[in-house]
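Each chain, written out:
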Amino acid sequence: MNIIFCEDYEEMSRKAAAIIASKIILKPDSVIGFATGATPIGLYKELIKRYEKGEISFADMRTFNLDEYLGEIKDLETSFYNFMQNNLFLHIDVKPENTDIPDGSAADIQAECERYTEALDLIPEGLDFQILGIGANGHIGFNEPDDYFPLDTHIVELTEETIEGQKPFFDDYNKIPKRAVTMGIRAIMNAKQLLLIASGDGKSKILEKALFGPVTPNIPASILQIHRCLTVVADRAALSQIIEKHPDAIL
Ligand code: F6R
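Residues numbered from 1 in each chain as written. Predicted model: local features only at pLDDT ≥ 70, side-chain atom pairs only at ≥ 80, totals over all residues. Heavy atoms only, no water.

1. Observations concerning the sheet that holds strand β4 (residues 67-69)
Either a parallel or an antiparallel arrangement is found when strands of a sheet pair, and the pairing is made through backbone hydrogen bonds.
Alright, step 1. What the three strands build is an open sheet, ordered β4-β8-β7; its pairing is antiparallel. Edge positions in the sheet fall to β4 and β7 (154-157), since each of these pairs with one other strand and no more. Here the strands of the sheet are splayed against their neighbours by 30° on average, with no regard to which way each runs.
Alright, step 2. For β7 and strand β8 (residues 179-182), the ladder comprises four bridges, and the chain directions are antiparallel. When the sheet's bridge partners are listed, Glu157 is paired in β8 with Arg179. (Pairing = 2+ DSSP bridges. Helix = DSSP H or I, 4+ residues; strand = E, 2+ residues; numbered from the N terminus. Axes fitted to C-alpha atoms, helices over the stretch in contact; angles between N-to-C directions.)

2. Observations concerning the site of the ligand
Alright, step 1. For the ligand, the set of nearby residues contains 13 residues, the closest of which are Thr39, Asp67, His139, Gly141 and Lys203.
Alright, step 2. Taking Thr39, its side chain carries an N or O atom lying 2.4 Å from an oxygen atom of the ligand.
Alright, step 3. Taking Asp67, its side chain carries an N or O atom lying 2.6 Å from an oxygen atom of the ligand.
Alright, step 4. Protein contacts shield 89% of the accessible area of the ligand, which totals 410 Å² for the unbound molecule.
Alright, step 5. When the residues that make up the shell around the ligand are grouped by side-chain class, the tally is four nonpolar, seven polar and two charged. (Near = heavy atom within 4 Å. Polar contact = N/O pair within 3.5 Å; in protein donor to acceptor, adjacent residues only side chain to side chain. Areas by Shrake-Rupley, 256 points an atom, 1.4 Å probe, with all protein chains shown as cover. Nonpolar A, V, L, I, M, F, W, Y, C, P; charged D, E, K, R; others polar.)

3. Some details on the pattern of salt bridges
Alright, step 1. Summed over all chains, the structure comprises 13 salt bridges.
Alright, step 2. Its salt-bridge partner being Glu112, residue Arg115 comes within 2.9 Å of it at the nearest N-O pair. On the criterion of helical spacing, the pair formed by Arg115 and Glu112 is a turn pair, its members being three residues apart in helix α4 (residues 109-121).
Alright, step 3. Notably, a salt bridge pairs Asp171 with Lys175, separated by 3.5 Å at the nearest N-O pair.
Alright, step 4. Among the ionic contacts, a cluster of salt bridges with common partners joins Lys27, Asp128 and Lys192. (Salt bridge = Lys/Arg side-chain N within 4 Å of Asp/Glu carboxyl O.)

4. Concerning the nonpolar core
Alright, step 1. One finds Phe34, Tyr44, Leu47, Ile131, Leu207 and Leu224 to be the most contacted residues of the largest nonpolar core, which totals 66 residues.
Alright, step 2. Per-element accounting of this core gives the leading share, six residues, to helix α1 (residues 9-26).
Alright, step 3. With residues near it in sequence (within four places) discarded, Leu224 still touches Leu132, Ile140, Ile188, Met189, Leu194, Leu196 and Leu230.
Alright, step 4. Judged by nonpolar contacts, the second largest core, of nine residues, contains Tyr69, Val156, Leu158 and Ile163. (Core = buried A, V, L, I, M, F, W, Y, C linked by side-chain atoms within 4.5 Å. Buried < 20%, exposed > 50% of the residue type's maximum accessible area, 1.4 Å probe, protein only. Contact = heavy atoms within 4.5 Å.)

5. Notes on the sheet that holds strand β2 (residues 31-34)
Alright, step 1. One open sheet holds the seven strands; their spatial order is β1-β10-β9-β6-β2-β3-β5, and the pairing between them is parallel. Each having just a single partner strand, β1 (2-6) and β5 (99-100) make up the two edges of the open sheet.
Alright, step 2. Strand direction decides the pairing type here: β2 and strand β6 (residues 129-132), joined by two bridges, are parallel. Paired with Gly33 across the two strands is Gln130, which belongs to β6.

Given below as structure tokens:
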């Protein structure tokens, strides 16, 4: 595991974008798993800048996404589908047919989970890169704390803490979906490289627990400790507990 220190959110976004951009340059037909939420917005802005400067192209890439709310999400401005369109896809040359996000509005949601799992299984040797954020309770994707690690794409009841965490994106608390569909732990752990990004004080305790505590499904992100190639890019605030307890672990 490499932990890369950044002074602030801007530096985290730039360094994370540099890592993803190098991958795209080296392997233009990369398959990359994207995340939504507040943390990757700056990273996506940086990728757009690099695309506009002609440094990278997404034309040969394929993309997957970690998760989506369940329900009439296409009408929901705050759906993860719309998040990806607005924050990245509409600004770059990725081909829409090469992007895949679980369809939370599918009539047969179980069949949709199976379709997504199969689509992920068809990628030879797994995703080239999976970008991850971390929830305040240690969730990755929407794999919430549980007694076991859910392996494949599945429906999840969001915890109260996670629902709270979605507040910044909704004008009305009651409109926050309470269920979601998420990629399971197997596809995440099968990715050749993982990039975990974290910013802000609110992430410092859980980041330390996840990366240095016991590996347990009660903190889903703790499984990342045993991934073959995990890079953590985080800012000073998010790293504060690690700086205090494991200063030698930081690059
Ligand atoms: C989003 C996702 C979530 C978020 C996590 C952190 O696709 O899978 O695991 O990465 O909830 O969210 P932010 O970045 O908003 O703190």
